[in-house]
Amino acid sequence: MAYTEKTRGIYSEILTGLKEAGLFKQERYIHSSQSADIEVEFPTGANLKKVINICANNYLGMSSHPEVVKAAHAGLDSHGYGMSSVRFICGTQDIHRTLENMVTRFLGTEDTILFPSCMDANAGVFEAILTKDDVMISDRLVHASIIDGIRLCSAMHDTFKHSDMEHLEEKLQLHNDKRLKMVITDGVFSMDGDTARLDKMAALCEKYDALLFMDDSHASGFIGKTGRGTHEKCGVMGQLDIITTTFGKGLGGASGGCVSGRRELVEMCRQKARPYLFSNTIAPPVVAGVIKVLEILSASTDRRDKLERNTEFWRKGLTDAGLIIKEGDTPIVPVMLFNAKLSQNVSHDLYEEGIYAIGFFFPVVPQGQARIRTQISAGHEIHHLEKALEAFKKVGKKYDILGKTKAEIIEMYGM
Amino acid sequence: MDEMKDVIKNYVIKEYVEDDTEITYDTPLISGGIVDSFSMVSLKRFLENKYKIAIPDDKATPEAFDSVDKICQLVGNYLK
């Protein structure tokens, strides 16, 4: 017990610095379940406000789907609340293996291992598979959890410019003497909503005898004609060596993640991945819920089809309104504002209009690329999106950014 | 040595600079945030392949890679 005033002062100073720099994160309390319509207490102590949520990863609207909730209840009744154990001691139930087999079939891989989260999957997978004789070559915009996993691995690490296939090929040539080479990418990039050029990457990996790794957290369940993910969209099903993904977004929204891929690589994770070995098994109700999600998505593409239609409507609506969005076709639709303060002000005003969307700025995105990241869901109805569009138009008009170019916005508000 | 400086400077620009940031021989590369420590590995491998040298890992520090001038000094130590 030596938490002195001096120690307290050190941390208080750091936290004050974060506030002064505009980097302090403040949670908003949601009093309802996750859905298109939510009730929010913000700021803390304020009356509850009903708003439309357009910033959740609830792409397929599964977070509060009645059949999923019912299945989770049933799983709680039949298999209990928790296992009080890691998987390999006494934490593996029949439903854990059932889910692993279902994910394997869904993603079109050879085998799957569950992790407490995709963050854990990414933290453990590289260290379990690669050694100092190997090299990891990652896209420069991969998710933070991959960067953390790479840091924990003894293999050499290099990067290639975002989606630059010529640069990737140079790196594969540069490191051709290594025992194993692994190319690492996101399927859909979470900040820009663009898609990896997986067909080109798979061809390069074939040419240079490299493994191909993809984190498909922002794609599983809805990207591709039957929602299998970015590898389906790019026509390379079966050619990925490792896919990591989450059950916290399209595939349910609760928690959990996995490594899916070549049988031996999955088995290496089962033997060596530390977040798997030293962390509790996924809770039974969550496992039962994800099983139901996969049953629903395997039986019908209705939800991903609706998400695709909603996304088209939303992207066209924003563009027609004269706002600048990042081009693409995924439900991650960044509205570009370029200036950090402007993104905070627009987010604040949208909230006043009943729309919940958050501003992202440096260091989460590069300097001068501040934005409101909107995320569309199959849980949205057209009336939700129409109301959100009206709010964007009203706020956009207030700040005089409708129909303006990037240069004009920067001239008015700075970078 | 001047030729080596230009070879290294051009490599740094091609590899790491994605906007119009100007690079001179003494521009701080790592402490200036132009080259991240992850990406140093490709620079090290480039130098080793280009000049047929082996730079020990404990000498390939962020300080030793922090400018074109310093990189040239480092390479010079291992040239035969």
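Novice: Please explain the overall build of chain A as it appears in this structure.
Specialist: A count of helices and strands for chain A gives 16 helices and 14 strands. Structurally, chain A occupies a C-alpha span of about 60 × 55 × 55 Å along its principal axes. Relative to its 415 residues, chain A shows a buried fraction of 47%. Looking at chain A alone, contacts between residues at least 24 apart form 71% of all its contacts between residues at least 6 apart.

Novice: What is the right way to read the sheet that holds strand S7 (residues 181-186) of chain A from this model?
Specialist: Within a beta sheet, neighbouring strands are joined by backbone hydrogen bonds and run either parallel or antiparallel to one another. Residues and elements named next belong to chain A. Pairing is mixed in the open sheet, where 7 strands are placed in the order S4-S10-S9-S8-S7-S5-S6. Here the strands that pair on one side only, and so sit at the sheet edges, are strand S4 (111-115) and strand S6 (156-160). Here the average twist between neighbouring strands, direction ignored, is 20°. With 4 bridges connecting them, strand S5 (residues 135-139) and S7 associate as parallel partners. Bridging across to S7, Ile 137 finds its partner in Val 183. Strands S4, strand S9 (242-246) and strand S10 (257-261) of the sheet are contacted by helix H10 (residues 263-272), whose axis makes an angle of about 25° with S4.

Novice: Explain the sheet that holds strand S11 (residues 332-338) of chain A here, please?
Specialist: All names here are of chain A. If you trace the 3 strands from one edge of the open sheet to the other, you get S11-S14-S13, paired in antiparallel fashion. Unpaired on one side and paired on the other, S11 and strand S13 (358-360) mark the two borders of the sheet. Strand-to-strand twist in this sheet, taken as the mean axis angle between neighbours without regard to direction, amounts to 35°. Here 6 bridges tie S11 to strand S14 (residues 370-375), and the two strands are oriented antiparallel to one another. Each residue of the ladder has a partner; that of Ile 332, found in S14, is Gln 375.

Novice: What is the right way to look at the pairing of S4(A) in this model?
Specialist: Each regular strand carries side chains that alternate between the two faces of the sheet. All names here are of chain A. Burial analysis of S4 places 4 of its 5 residues in the buried class, the great majority of the element. As judged from the 5 bridges shared by S4 and S10, these two strands associate in the antiparallel manner. By the bridge assignment for S10, Ile 113 is matched with Val 259.

Novice: Which parts of the structure should I look at to understand the domain arrangement of chain A?
Specialist: In many analyses, interface size is given as the accessible surface area lost on bringing the parts together. All names here are of chain A. As far as domains go, chain A holds domain 1 (31-60 + 302-413) and domain 2 (66-299). If you average the C-alpha positions of domain 1 and of domain 2, the two centres end up 28 Å apart. Contacts between the two partners involve 17 residues from domain 1, matched on the other side by 17 residues from domain 2. Among the secondary structure elements, those contributing two or more residues to the side of domain 1 that touches domain 2 are helix H13 (302-320) and S11. A breakdown of the residues in the side of domain 1 that touches domain 2 according to their chemical character gives 8 nonpolar, 5 polar and 4 charged.

Novice: Mind showing me how you'd approach the pairing of strand S3 (residues 48-53) of chain A here?
Specialist: Residues and elements named next belong to chain A. As defined by bridge partners, strand S2 (residues 37-41) adjoins S3 across 5 bridges and the pair is classed as antiparallel. When the sheet's bridge partners are listed, Asp 37 is paired in S3 with Ile 52. Two successive antiparallel strands, S2 and S3, enclose a turn made up of 6 residues, where Gly 45 displays a positive phi of approximately 100°.

Novice: I would appreciate a short explanation of the environment of His73(A) in the present structure.
Specialist: The residue His73(A) is located in helix H2 (residues 66-79) in this model. Along the backbone, His73(A) and Thr405(A) are 332 residues apart, and their C-alpha atoms lie at a distance of 51 Å.

Novice: When you look at the nonpolar core in this model, what are you seeing that I'm missing?
Specialist: Soluble, globular proteins show a tendency: their nonpolar side chains are buried together. Of all hydrophobic cores here, the largest spans 108 residues; its most connected members are Met136(A), Val183(A) and Leu212(A). Two domains each provide a minimum of three residues to this core, namely domain 1 (31-60 + 302-413) and domain 2 (66-299) of chain A. Counting 11 residues, the second largest nonpolar core, distinct from the first, contains Val12(B), Leu43(B), Val68(B) and Val75(B).

Novice: Honestly, the packing of helix H4 (residues 94-107) of chain A against helix H12 (residues 284-299) of chain A in this entry has me stumped. Any pointers?
Specialist: Geometrically, a packed helix pair is captured by the angle between its two axes and the distance between the axes. Residue and element names in this part refer to chain A. It is at 10 Å that the axes of H4 and H12 come closest, and there the two elements cross at 30°. On the basis of their axis angle, the class for H4 and H12 is roughly parallel. Two packed elements cross with a definite hand, and for H4 against H12 that hand is left-handed. Residues Ile 95, His 96, Thr 98, Leu 99, Met 102 and Phe 106 of H4 form the contact with H12, whose participating residues are Pro 284, Val 287, Ala 288, Val 290, Ile 291, Leu 294 and Ser 298.

Cut-offs used in this document
Residues numbered from 1 in each chain as written. Chains lettered and ligands numbered in written order. Predicted model: local features only at pLDDT ≥ 70, side-chain atom pairs only at ≥ 80, totals over all residues. Helix = DSSP H or I, 4+ residues; strand = E, 2+ residues; numbered from the N terminus. Buried ≥ 20, exposed ≤ 12 C-beta atoms within 10 Å, placed from the backbone. Contact = placed C-beta atoms within 7 Å. Pairing = 2+ DSSP bridges. Axes fitted to C-alpha atoms, helices over the stretch in contact; angles between N-to-C directions. Domains from an automatic or database assignment. Nonpolar A, V, L, I, M, F, W, Y, C, P; charged D, E, K, R; others polar. Core = buried A, V, L, I, M, F, W, Y, C linked by C-beta atoms within 7 Å. Parallel < 35°, antiparallel > 145°, perpendicular 65-115°, else oblique. Left-handed = near helix turned anticlockwise from the far one by under 90°.

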